[in-house]
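# Structural characterization, general
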Amino acid sequence: MRNEADNETFENEAEASGWGTEDFRGLTPEMFANIGVPNIVYVREVLAGEIESEIGEEMNLPAGTRLYAVHAANGQRMAVLDNRDAAFAGARQYDLEPVSVH
């Protein structure tokens, strides 16, 4: 548990880095969703059946096929691949920082 001195140190460090605690309290959901855009992306496993309407039936993938979706920090899906390593490598190829979401 932080004491008052720890809280003051934390707030001073946050302000020195350009983000004061008051700045975080005032974030709207939209502002929070865009933190990290455009540099951070997340990779999430999805099943083909979950995104069938987006990938189209012409792909002819069984509903249980595991795919890996790459999303911008704000949640916008950028790509869908069939291999997790390829999803991470592809993001890095475009100078993006991928993180995994479970």
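Residues numbered from 1 in each chain as written. Predicted model: local features only at pLDDT ≥ 70, side-chain atom pairs only at ≥ 80, totals over all residues. Heavy atoms only, no water.

### Things to note about the nonpolar core
Core analysis: the largest hydrophobic core is formed by eight residues, namely Val41, Val43, Tyr68, Val70, Ala87, Phe88, Ala91 and Leu96. Of all the secondary structure elements, the ones that give two or more residues to this core are β1 (40-47), β2 (66-72) and α5 (84-93). Examining the composition of this core, we find that three residues originate from one element, α5, more than from any other. Setting aside residues no more than four positions away along its own chain, Val43 makes contact with Tyr68, Ala69, Val70, Ala87, Phe88, Pro98, Val99, Ser100 and Val101. (Core = buried A, V, L, I, M, F, W, Y, C linked by side-chain atoms within 4.5 Å. Buried < 20%, exposed > 50% of the residue type's maximum accessible area, 1.4 Å probe, protein only. Helix = DSSP H or I, 4+ residues; strand = E, 2+ residues; numbered from the N terminus. Contact = heavy atoms within 4.5 Å.)

### Observations regarding the environment of Tyr94
Along the chain, the position of Tyr94 falls in the loop between α5 and β4 (97-101). Sequence separation between Tyr94 and Asn39 is 55 residues; the distance between their C-alpha atoms is 9.4 Å.

### Some thoughts on the sheet that holds β4
An order of β3-β2-β1-β4 is seen for the four strands of this open sheet, with the pairing classed as mixed. The open sheet is flanked by β3 (77-81) and β4, the only strands paired with a single partner. Looking at each pair of strands side by side, their axes are set apart by 30° on average, direction ignored. Bridge count between β2 and β3: four bridges; the pairing is antiparallel. (Pairing = 2+ DSSP bridges. Axes fitted to C-alpha atoms, helices over the stretch in contact; angles between N-to-C directions.)

### With respect to unusual backbone geometry
For Asp95, which is not glycine, the phi dihedral falls at a positive 60°. With respect to the helices and strands, Asp95 occurs in the loop between α5 and β4.

### As for the pattern of salt bridges
Applying the stated criterion across every chain yields a total of three salt bridges. With a closest N to O distance of 3.9 Å, Arg44 and Glu50 form a salt bridge. (Salt bridge = Lys/Arg side-chain N within 4 Å of Asp/Glu carboxyl O.)

### Brief notes about the environment of Val80
Among the structural elements, Val80 can be located in strand β3. Considering only alpha carbons, one finds Val80 and Val46, 34 residues apart in sequence, at a separation of 8.9 Å.

### Remarks on the side chain of His71
Tracing the backbone through its elements, the reader meets His71 in strand β2. The class of His71 is buried, set by a relative accessible area of 5%. Of note is the side chain of His71, whose polar atom sits 3.1 Å from the backbone oxygen of Gly75. The contact partners of His71, leaving out residues within four places of it in the chain, are Val41, Tyr42, Arg44, Gln76, Arg77 and Met78. (Polar contact = N/O pair within 3.5 Å; in protein donor to acceptor, adjacent residues only side chain to side chain.)

### Remarks on α5
Among the residues making up α5, those that are buried are Ala87, Phe88 and Ala91. Along the long axis of α5, the arc covered by the buried residues comes to 95°, so they all point the same way. Of the exposed residues in α5, the ones pointing more than 90 degrees away from its buried face are Asp85 and Gln93. Buried residues along α5 sit in contact with β1, β2, β3 and β4. Between a side-chain oxygen at the N-terminus of α5 and the backbone nitrogen of Asp85 the separation is 2.8 Å; the capping residue is Asn83. Positive phi appears at Asp95, one or two residues downstream of α5, with a value of about 60°. (Arc of directions from axis to C-beta.)

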